[in-house]
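Chain by chain, the residues run as shown.
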Amino acid sequence: MTQPAVAADPESQAHHSLDLDQFLPYRLSVLTNRISRGLADLYSERFGISVTEWRVIAVLGRYPGLSANGVAERTAMDKVAVSRAVARLLERGLIEREMHDADRRRSVLQLSQAGHAVFDVVVPLALDYQRDVLAPLDADERIQLARLMDKLEAPLKD
């Protein structure tokens, strides 16, 4: 891949403009970070888990028996971050690892009894938080938002 040529006088070159406040990836990232941080306030102090750890717990609560790679794929999170979160959750006894029945080389994860206890407390808090975040939207706008998100996600799925 070739690099673009650089002018001898960088001040003489016009630069592209990017209005971050209107740039979709930036806006979605900021919104996601703010929402995640608000939700994390509900469980991080009480249970000592990070956003990434909660996402692993949430996914395994809904889809038990995934591998760490399966969790990373389902959440679109970095594999290294998921691996670290899984290690911390295993160490704390919130998840368990077992060998896959059909493929003994692959391990699968599931919530432990302690993990289910955290899940069962945090889920109602998360749903209440989601309700509060969506409160400014009426029912039709919530439906429209879900449809628009589906449309945006569809071509991006692997």
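Residues numbered from 1 in each chain as written. Predicted model: local features only at pLDDT ≥ 70, side-chain atom pairs only at ≥ 80, totals over all residues. Heavy atoms only, no water.

Caption draft 1: Geometry of the overall build of the protein. The helix and strand inventory of the protein stands at 6 helices and 2 strands. Shown N-terminal to C-terminal, the secondary structure of the protein runs as helices and strands in the order α-α-α-α-β-β-α-α. Every one of the 158 residues in the protein was classed for burial, and the buried ones make up 22%. Accessible area of the protein: about 11900 Å², with a carbon and sulfur share of 53%. (Helix = DSSP H or I, 4+ residues; strand = E, 2+ residues; numbered from the N terminus. Buried < 20%, exposed > 50% of the residue type's maximum accessible area, 1.4 Å probe, protein only. Areas by Shrake-Rupley, 256 points an atom, 1.4 Å probe, with all protein chains shown as cover.)

Caption draft 2: Quick peek at the environment of Met77. Take Met77: it is sitting in the loop between α3 (68–75) and α4 (79–91). For Met77, a relative accessible area of 13% corresponds to the buried category. A sequence separation of 22 residues divides Met77 from Arg55, and the C-alpha atoms of the two residues are 9.3 Å apart. Discounting residues that sit within four places of it in the chain, Met77 has contacts with Thr52, Arg55, Val56, Ala72 and Val82. (Contact = heavy atoms within 4.5 Å.)

Caption draft 3: Layout of the nonpolar core. With 26 residues, the main nonpolar core has Tyr43, Ile49, Trp54, Val56, Ile57 and Leu60 as its most contacted residues. If you list the elements that add at least two residues to this core, you get α1 (24–47), α2 (51–62), α3, α4, β2 (107–111) and α5 (113–134). The element that contributes the greatest number of residues to this core is α2, accounting for 5 residues. Apart from residues lying up to four places away in sequence, Tyr43 is in contact with Gly48, Ile49, Ser50, Val51, Trp54 and Val122. (Core = buried A, V, L, I, M, F, W, Y, C linked by side-chain atoms within 4.5 Å.)

Caption draft 4: Here's a closer look at the packing of α3 against α4. Relative orientation of the contacting elements α3 and α4 amounts to 125°, with a least axis distance of 9 Å. By the angle class used here, α3 and α4 are oblique. For α3 against α4, the interelement crossing comes out right-handed. Two secondary-structure elements touch here, α3 through Ala68, Asn69, Val71, Ala72 and Thr75 and α4 through Lys79, Val82 and Val86. Here the residues of the contact of α3 with α4 sort into 5 nonpolar, 2 polar and 1 charged. (Axes fitted to C-alpha atoms, helices over the stretch in contact; angles between N-to-C directions. Parallel < 35°, antiparallel > 145°, perpendicular 65-115°, else oblique. Left-handed = near helix turned anticlockwise from the far one by under 90°. Nonpolar A, V, L, I, M, F, W, Y, C, P; charged D, E, K, R; others polar.)

Caption draft 5: Summary view of the pattern of salt bridges. Under the criterion given, the structure shown has 3 salt bridges. A salt bridge links Arg88 to Glu53; its shortest N-O distance comes to 2.3 Å. Remark: Glu53 occurs in helix α2 and Arg88 occurs in helix α4; sequence separation between them is 35 residues. Classification of Glu53 by relative accessible area gives buried; the value is 5%. Two residues, Asp128 and Arg131, come together in a salt bridge whose shortest N-O distance is 3.0 Å. (Salt bridge = Lys/Arg side-chain N within 4 Å of Asp/Glu carboxyl O.)

Caption draft 6: Spotlight on the packing of aromatic side chains. According to the stated counting rule, one finds 2 aromatic pairs in the structure shown. Through a chain of ring-to-ring contacts, the aromatic side chains of Tyr43, Trp54 and Phe119 assemble into a single cluster. Taking NZ or CZ as reference, Arg74 lies 3.7 Å from the ring centre of Tyr63, over its face. (Phe/Tyr/Trp six-rings, centres within 6.5 Å; stacked < 30°, edge-to-face > 60°. Lys NZ or Arg CZ within 6 Å of the ring centre and 35° of its normal.)

Caption draft 7: Here's a closer look at the pairing of β2. Most of β2 is tucked away, with 4 of its 5 residues classed as buried. Looking at chain direction, strand β1 (residues 95–99) and β2 are connected through 5 bridges and run antiparallel. Paired with Glu96 across the strands is Gln110, a residue of β2. (Pairing = 2+ DSSP bridges.)

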